[in-house]
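# Analysis of the macromolecular model
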Amino acid sequence: MTTKPRINVPLMSFLMLTPVIGIAGTAVYTWLHGFALWMPLLALGMYLAVGISICAGYHRFFSHKSYEAARPVQIFYAIFGAMAAQNSILWWSSSHRTHHQYVDRDWDPYSIKRGFWWAHILWIFHDHDAPDIEGNARDLAANPIVQWQARWYKVLLIVGGFGLPALIGALCGDVWAGLLWGGFLRLVVIHHTTFFVNSLAHYLGDASFNAEVSARDNWAVALLTLGEGYHSFHHRFPADFRNGIRWFQWDPAKWFIATLRMLGLAHDLRSTPAPQIEQARMQAAVRAVEPQLEHIPAPAAGEIHRLLASAREHLTISITLWRRYAAEHAEGATASWKSTRQYARQHLRLARREWREACRRVNSMPSQTPA
Ligand SMILES: [Zn+2]
Ligand SMILES: [Zn+2]
């Protein structure tokens, strides 16, 4: 990245005008010309099709290869993803891979270390060096669907992102309402919710899986973005097709990908084994209490270290058992894999109980002043 990038005036104007047209324009026009139910439904339908193409397509499929998708699905992502006005798959994914590789450092294009608003939108206002496609996106550059989308990106954006909702509006009796609700308002929502992943999900929330980087698990961002808010987990395990791993965590992109698999349109969904996830969670929690742990008097500290050592041992056993279970499952050894997985889970539960108890003891100690 250049040290002082120049401002891209047309792009900045587009990003500043679209919220005015999308929010104020839509409100005033609807006030003057009347409201109908098809208008928010059109905006919602477009939001879902375009949003899922960014989350499950641009991000989890093209950038991270967290599953394999059939060609019709890739074409769907390419067409609807272009309507998000977030550049082509090739550009987006290459920049995103750079973000993961250099997170929080100078080469991270939307590094939170340069401030909340830089990570949210200001970085887009500036001209950047072309993304390092040769270095990190050769696989994508060789994909004919990606090549085709890069060539036709602007046409897809204008015809699909604005022409399509205008056409639907015309069919419903109001071309301008279609353009405003399904085109502009929907675009503003998609833009700023996606931008929140780079800003808010690197700013506010829990560093549950990775204490070393700024990424945070933030359920509010997950709610706004079809599941992309569990960002601490995502930065720790970017190849996982899920972001919210618990059943109650809002992650429609994960459910969408799982549905594609049921329909035979996706396969090889990558997910991280449970003991490795627990290990990351434990490392992040221990890292957070380490400064206090150093000042705890010997007998209590010894007991805490013993608990942590035992938890680590249980996790190592659990990881070994989990690998065995995966091999048995792949071989179709029906009788044994279930019990192997059960043993792996038992060790995982023991580990969790111990590391949580250790952290609880650290936190319950009266704060010690360093000598
Ligand atoms: Zn990130
Ligand atoms: Zn990512």
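See the structure printed just above.
Summary of the structure given here. The numbers attached to residues start from 1 for each chain and follow its sequence in the written order. Lettering of chains starts at A and numbering of ligands starts at 1, both following the order in which they are written. Given that this is a predicted model, residues contribute local features only at a pLDDT of at least 70 and side-chain atom pairs are listed and counted only at 80 or more, while totals for whole chains, interfaces and linings are drawn from all residues. Water and hydrogen atoms were dropped before computing side-chain values, which therefore reflect all heavy atoms in the structure.

## Re the overall build of the chain
- For the purposes of this entry, the term helix denotes a DSSP run of H or I that reaches at least four residues, the term strand denotes a run of E that reaches at least two, and both are numbered from the N terminus. Counting its regular elements, the chain contains 15 helices and 2 strands.
- Taking the principal axes of the C-alpha coordinates as reference, the chain spans close to 75 × 55 × 45 Å.
- The cut-offs for exposure are 20% and 50% of the maximum accessible area for each residue type, with area from a 1.4 Å probe on protein chains only; residues under the lower value are buried, those over the upper are exposed, and the others partly exposed. Counting across all 371 residues of the chain, residues that qualify as buried make up 50%.
- Put simply, 73% of the contacts in the chain that link residues at least 6 apart link residues at least 24 apart.
- The positive count covers Lys and Arg only, the negative count covers Asp and Glu only, and His and the chain ends enter neither. Taken as the charge location is NZ of Lys, CZ of Arg, CG of Asp or CD of Glu. For the chain, the distance from the average position of its 35 positive side-chain charges to the average position of its 26 negative side-chain charges is 4 Å. Contacts were defined at the residue level, with two residues in contact if any of their heavy atoms lie within 4.5 Å.

## Re the coordination of the zinc ion (ligand 1)
- At this site the zinc ion (ligand 1) is bound by His99 (NE2), His202 (NE2), His231 (NE2) and His235 (NE2), with donor distances of 2.1 to 2.2 Å.
- Donor selection uses N, O and S atoms within 2.8 Å of the metal (3.2 Å for Na, K and Ca). Since no water is included, sites may look incomplete. Each label reflects the angles at the metal, where four donors whose angles all fall between 85 and 135 degrees are tetrahedral, four or six donors whose opposite pairs open beyond 155 degrees and whose other angles stay between 65 and 115 are square planar or octahedral respectively, and the rest are irregular. Considering all 4 donor atoms around the zinc ion (ligand 1), angles at the metal cover 94 to 161° and the coordination shape is irregular.
- Classification of His99 as buried rests on a relative accessible area of 1%.
- Its relative accessible area of 4% is what places His202 among the buried residues.

## Thoughts on the packing of aromatic side chains
- We call Phe, Tyr and Trp rings a pair once their centres come within 6.5 Å, taking the six-membered ring for Trp, and we label the pair stacked below 30 degrees between planes, edge-to-face above 60, and tilted otherwise. The tally for this structure, following the rule as stated, stands at 19 aromatic pairs.
- Taken together, a centroid distance of 5.2 Å and an interplanar angle of 80° make the contact between Phe116 and Trp117 edge-to-face.
- Here a set of aromatic residues connected by ring pairs shows up, and it is made of Phe61, Phe62, Tyr67, Phe76, Tyr77 and Phe80.
- In this scheme, Lys NZ or Arg CZ marks a charge over a ring once it lies within 6 Å of the ring centre and within 35 degrees of the ring normal. Positioned over the ring face of Phe61 is Lys65, at 4.5 Å from the centre of the ring.

## Some points on helix H15 (residues 334-364)
- Here the expected length of a helix is defined as 1.5 Å per residue gap, with one fewer gap than residues. When the terminal C-alpha atoms of H15 are compared, their 46 Å separation across 31 residues agrees well with the 45 Å that a helix rising 1.5 Å per residue should span.
- All buried positions along H15 are accounted for by Trp337, Thr340, Ala344, His347, Leu348, Ala351, Glu354, Trp355, Ala358, Cys359 and Val362.
- The inward-facing, buried residues of H15 contact helix H13 (274-293) and helix H14 (298-331).

## What to know about the coordination of the zinc ion (ligand 2)
- Around the zinc ion (ligand 2), the donor atoms from the protein are His59 (NE2), His64 (NE2), His96 (NE2), His100 (NE2) and His234 (NE2), and they sit 2.0 to 2.2 Å away.
- Written as a sequence motif, the donor residues of the zinc ion (ligand 2) are H-x4-H-x31-H-x3-H-x133-H. Pair noted here: His96 is in helix H4 (residues 89-101) and His234 is in helix H11 (residues 231-236), with a separation of 138 residues, a long-range link. The pair formed by His96 and His234 is uniform in burial state, with each residue classed as buried.

## A short note on the pattern of salt bridges
- Each salt bridge in this description consists of a side-chain nitrogen of Lys or Arg and a carboxyl oxygen of Asp or Glu lying within 4 Å of one another. Scanning the entire structure with this criterion turns up 14 salt bridges.
- For the salt bridge of Arg270 with Glu68, the shortest nitrogen-to-oxygen distance reads 3.3 Å. Remark: Glu68 occurs in strand E1 (residues 68-69) and Arg270 occurs in the loop between strand E2 (266-267) and H13; sequence separation between them is 202 residues.
- Of the residues examined, Arg270 reaches a relative accessible area of 32% and is grouped as partly exposed.
- Between Glu303 and Arg306 there is a salt bridge; the shortest N-O distance is 3.2 Å. One end of the pair is Glu303 and the other is Arg306, both in helix H14 and 3 residues apart, which spans about a single turn.
- Salt bridges sharing partners connect three or more residues here, namely Glu303, Arg306, Glu357, Arg360 and Arg361.

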